[in-house]
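In case you want the letters, here they are:
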Amino acid sequence: MNPTTNSLGTVRLPEIAAEADRSGTLNNVFAIAGVVIKEMYRRKDFYVLFVLTALITLLMGSVTFFNQENIVRYLKEICLFLIWGASLVITITTAARQIPAEREQRTLFPLLAKPVTRNQLVIGKFLGCWLASGISLLLFYLFFGAVAGAKEHEWPVLNYFQAAVLHWFMLGIVCALTMLGSVVFDAPSSTNTIMLIVSVGILLIGRHLNKVALKLEEPAQTIVYAIYFALPHLELFDVRDLIVHNWALIPWHIWAAGLAYAVVYSAIFLALACLAFRRKAIN
Amino acid sequence: MRAYLLSVFLLVMVAFSLATTLEPWFQSWAGSRTQSDNVLQVALGDSRRMFARHFFTKADAYFHKGFYPTIYDRKEGDDDKAHIAESAHGEHDEEECAEDFLGKPKDWIDRFSRNFFASRHAHLGDADCGHDCCEKAKEGKGHDENCEHKHHEAGHHHADDGDADDDHDQPAKTGLEREILPWLRLSAEMDPQRVETYVVAAFWLRTKLGKVDEAEQFLREGLRANPGDCEIQFALGSIYYEDRKDIARARNILELSMMRWREQEARKPEPNILLLGQILNQLAKLEREEKNYPRAIQHYTLLKQVSPNKEGIQSWIDDLKTNLPPGAVTSPR
């Protein structure tokens with residue numbers, strides 16, 4: 001066994017050193033993530049969107065149609081639509097400003113001199129944004145569950161759990177993609193705009209690209225079909241219709257496969273973000 | 001400084017003069033939205049019709065529990081008439097209903113994604129399991145002796161394929177058709193001239209939800225927006241005949257509806273023959289029940305001219321001519 005020397009000059013065995021490095025890496029990543037989460041609850045974005053969602057939902061819930069009680073599905077649909085919109089905005093705007101803000105405020109150099117590696121920085125920022133979006137999503141879904149339960153007198157907790165977790169993992173893909181965007185594009189505003197268009201575009205037409213492709217002539221058909229297979233299918237995670245219309249639970253193995261699909265795409269985009277950031281001049 | 005002040009004063013004067021000329025013209029301009037009291041009309045203009053159509057379609061999608069074709073799923077020659085409207089007009093086609101617009105999965109993503117959205121044909125209030133036997137049980141016909149689902153309660157809701165928790169104890173959900181109402185209301189708000197919205201909403205209100213007063217009120221609202229519309233009058237007449245059992249008033253409204261049909265539809269290149277058939281059929285039934293056989297025969301004779309079921313109607317006429325009791329005559333549709 002070859003002894004190794006750490007930064008303090010003490011001699012350690014390689015296994016101990018590797019474990020210390022791993023724990024140091026995790027500490028750095030979680031420290032950066034913690035800062036991002038704190039930033040989210042200091043900023044007003046979430047509160048504004050939450051209050052807006054709650055106000056619109058409660059206002060719509062107070063309307064009666066033809067003196068008929070217990071009409072709830074329209075309310076669930078509106079509330080979930082607002083939650084989806086708000087969560088996308090929160091996630092994209094939070095993720096898009098992380099690295100450019102560090103650079104603009106000139107805090108990136110001291111951060112990287114800690115020592116925090118560039119990969120740790122990107123992964124820490126991603127984790128922070130993803131966890132922050134998860135926290136906001138939890139509050140949104142608690143509100144949704146309360147409103148739907150009050151009107152419907154039912155609590156399909158497992159269905160809501162499946163929907164919320166799928167939603168959160170979808171935000172993971174968006175978050176990783178936005179991190180990549182924030183490294184490639186310089187201004188957060190352009191990252192925000194492009195990522196919003198891309199995400200909404202995939203949500204709207206991702207499911208139908210194969211049908212569009214089949215109606216096209218070659219080589220356009222192959223190109224569009226290739227795009228269809230390469231795209232992260234964010235719409236897979238949009239199970240709002242199942243929740244609104246009280247459909248049965250998604251089989252758990254299918255649900256888990258959906259999460260695995262999200263993890264793979266998040267990892268790909270995060271790896272690309274790390275690669276791009278390592279090659280990027282930060283001064 | 002003086003030159004600037006004079007320039008500003010001149011511009012103000014020009015603006016004032018233009019305003020005095022343009023304002024009276026604008027007030028009398030046919031395209032001015034200020035003549036409308038409806039806030040939505042002022043804000044959205046004619047685009048509200050598009051929204052109205054969207055909301056009407058949304059109601060139909062709700063009727064199918066979210067299982068609904070998008071513009072990418074429609075094939076050429078597909079009838080885009082809403083099923084809720086077909087049910088209201090008594091022309092619901094079970095074969096069409098059973099059609100699966102999704103077809104077979106085109107690839108693995110397509111197959112996988114069908115677990116994450118409503119991908120099976122269903123209607124509000126259906127037994128969620130999709131078992132035919134459970135549907136029959138819900139209709140009160142019960143399960144067969146050897147049926148594997150015979151322990152299922154009528155109209156129960158449970159997950160498909162046994163992958164999730166069954167919920168057999170849940171009682172049959174009735175009146176779920178109420179969920180389509182907000183979208184129909186919104187559609188009528190957006191486009192008060194869309195007659196179909198009133199007729200369809202009134203049909204579901206009175207037949208499935210027992211809200212006869214609300215149905216009548218909504219139809220009257222429709223009549224105020226579309227004075228003398230024969231379709232709304234027919235729906236109103238049906239309420240008086242079938243729900244209120246006010247025969248005299250029903251007869252008056254249905255006859256008025258037929259008169260309006262002649263005024264409004266007969267001149268059109270493609271008149272709504274189905275509506276005329278429905279009015280005549282309703283009137284004939286009403287007169288037959290009132291034992292006013294000559295009038296009933298008169299209506300059936302007119303109905304025979306427009307109906308594809310000429311032999312059937314002739315047999316009813318023959319039955320009436322021999323003065324058979326009304327109960328002996330099957331109800332024509």
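Data block above holds the structure.
Cut-off values and rules
- Each chain has its residues counted from 1, following the order in which its sequence is written.
- As a convention, the first chain written is A and the first ligand written is 1, with the rest following in written order.
- In keeping with the predicted nature of the model, local features appear solely for residues at pLDDT of at least 70, side-chain atom pairs appear and are counted solely at 80 or more, and the whole-chain, interface and lining totals rest on all residues.
- Side-chain numbers come from the whole structure's heavy atoms, not from hydrogens or water.
- We place a 1 Å grid over just the protein atoms. Points where a 1.4 Å probe fits but has no way out form a cavity, open points with protein on both sides within 12 Å along at least 5 of 7 lines form a pocket, and any residue with an atom within 4 Å of a point lines it.
- Grid points are joined across faces, edges and corners, and a volume is the space filled by probe spheres set on the points.
- Helix and strand assignments follow DSSP, with helices taken as H or I runs no shorter than four residues and strands as E runs no shorter than two, numbered in order from the N terminus.
- Each residue receives one of three labels: charged for Asp, Glu, Lys and Arg, nonpolar for Ala, Val, Leu, Ile, Met, Phe, Trp, Tyr, Cys and Pro, and polar for the others, Gly being one of them.
- Axis lines are fitted through C-alpha atoms, for helices just across the contact stretch, and the angle between N-to-C directions can take any value from 0 to 180 degrees.
- Crossing chirality is assigned from the near helix's rotation relative to the far helix, an anticlockwise turn below a right angle marking it left-handed and a clockwise turn marking it right-handed.
- Here, two residues are considered to be in contact whenever any of their heavy atoms come within 4.5 Å of each other.
- In plain words, nonpolar cores are sets of buried Ala, Val, Leu, Ile, Met, Phe, Trp, Tyr and Cys residues tied together by side-chain atoms within 4.5 Å.
- Any residue under 20% of the maximum accessible area for its type is buried, any over 50% is exposed, and the rest in between are partly exposed; the area is computed with a 1.4 Å probe on protein chains only.
- Residues forming no salt bridge and having over 30% relative accessible area are the ones grouped into patches, like charges within 9 Å of each other and nonpolar side chains (Val, Leu, Ile, Met, Phe, Trp, Tyr) within 5 Å.
- A 1.4 Å probe and the Shrake-Rupley method give the accessible areas. Residues count as covered only by the protein chains that appear here.
- The salt bridge definition used is simple: a Lys or Arg side-chain nitrogen within 4 Å of an Asp or Glu carboxyl oxygen.
- N or O atoms within 3.5 Å of each other form a polar contact, as long as, within protein, one can give a hydrogen and the other can take it, and as long as residues adjacent in sequence are counted only when both atoms are side-chain atoms.

(A) Spatial organisation of empty space enclosed by the protein. Residues and elements named next belong to chain A. Evaluated as defined, the whole model comprises four cavities of 30 Å³ or more. Lining the largest cavity are Asn 159, Gln 162, Ala 163, Val 239, Leu 242, Ile 243, Ala 248, Leu 249 and Ile 250. Elements with a contribution of two residues or more to the lining of the largest cavity: α6 (157-184) and α10 (240-244). Among the elements that make up the lining of the largest cavity, the one with the highest residue count is α6 (three residues). The residue makeup of the lining of the largest cavity, split by class, is seven nonpolar, two polar and no charged.

(B) Spatial organisation of the packing of helix α3 (residues 73-104) of chain A against helix α7 (residues 188-205) of chain A. Residues and elements named next belong to chain A. Here α3 crosses α7 at 145°, and the two axes come no closer than 9 Å. Every pair of crossing elements has a handedness; the one defined by α3 and α7 is right-handed. From α3, Trp 84, Leu 88, Ile 92, Thr 93, Ala 96, Arg 97 and Pro 100 reach across to α7, where they touch Pro 188, Thr 191, Asn 192, Met 195, Leu 196, Ser 199, Val 200 and Leu 203. Here the contact of α3 with α7 is built from residues that sort into ten nonpolar, four polar and one charged.

(C) Structural view of the nonpolar core. Residue and element names in this part refer to chain A. If you look at the biggest cluster of nonpolar residues, it comprises 155 residues, and the most contacted ones within it are Tyr 141 and Phe 144. When residues of this core are assigned to their parent elements, the largest contribution, 16 residues, is made by α6. Ignoring anything within four residues of it in the chain, the contact list for Phe 144 reads Lys 76, Cys 79, Leu 80, Ile 83, Tyr 160 and Ile 243.

(D) Here's a closer look at a nonpolar patch on the surface. The grouping of Leu10(B), Val14(B), Leu18(B), Leu22(B), Trp25(B) and Trp29(B) at the surface amounts to a nonpolar patch, some 630 Å² of accessible area in total. Summarising the element assignment, Trp25(B) is placed in helix α1 (residues 2-28).

(E) Representation of the interface of chain B and chain A in the model. Taken together, the contact between chain B and chain A spans 41 residues of the former and 45 residues of the latter. Of the charged contacts in the structure, one is a salt bridge between Glu77(A) and Lys58(B), with a shortest N-O distance of 2.5 Å. For the interface between chain B and chain A, the tally reads twelve residue pairs in polar contact (both at pLDDT 80 or more). Going through the elements one at a time, α3 (47-63), α6 (108-113), α8 (181-190) and α10 (212-225) of chain B are the ones with two or more residues in the side of chain B that touches chain A. With five residues, α6(B) is the single largest residue contributor to the side of chain B that touches chain A. Residues of the side of chain B that touches chain A, tallied by class, amount to 19 nonpolar, five polar and 17 charged.

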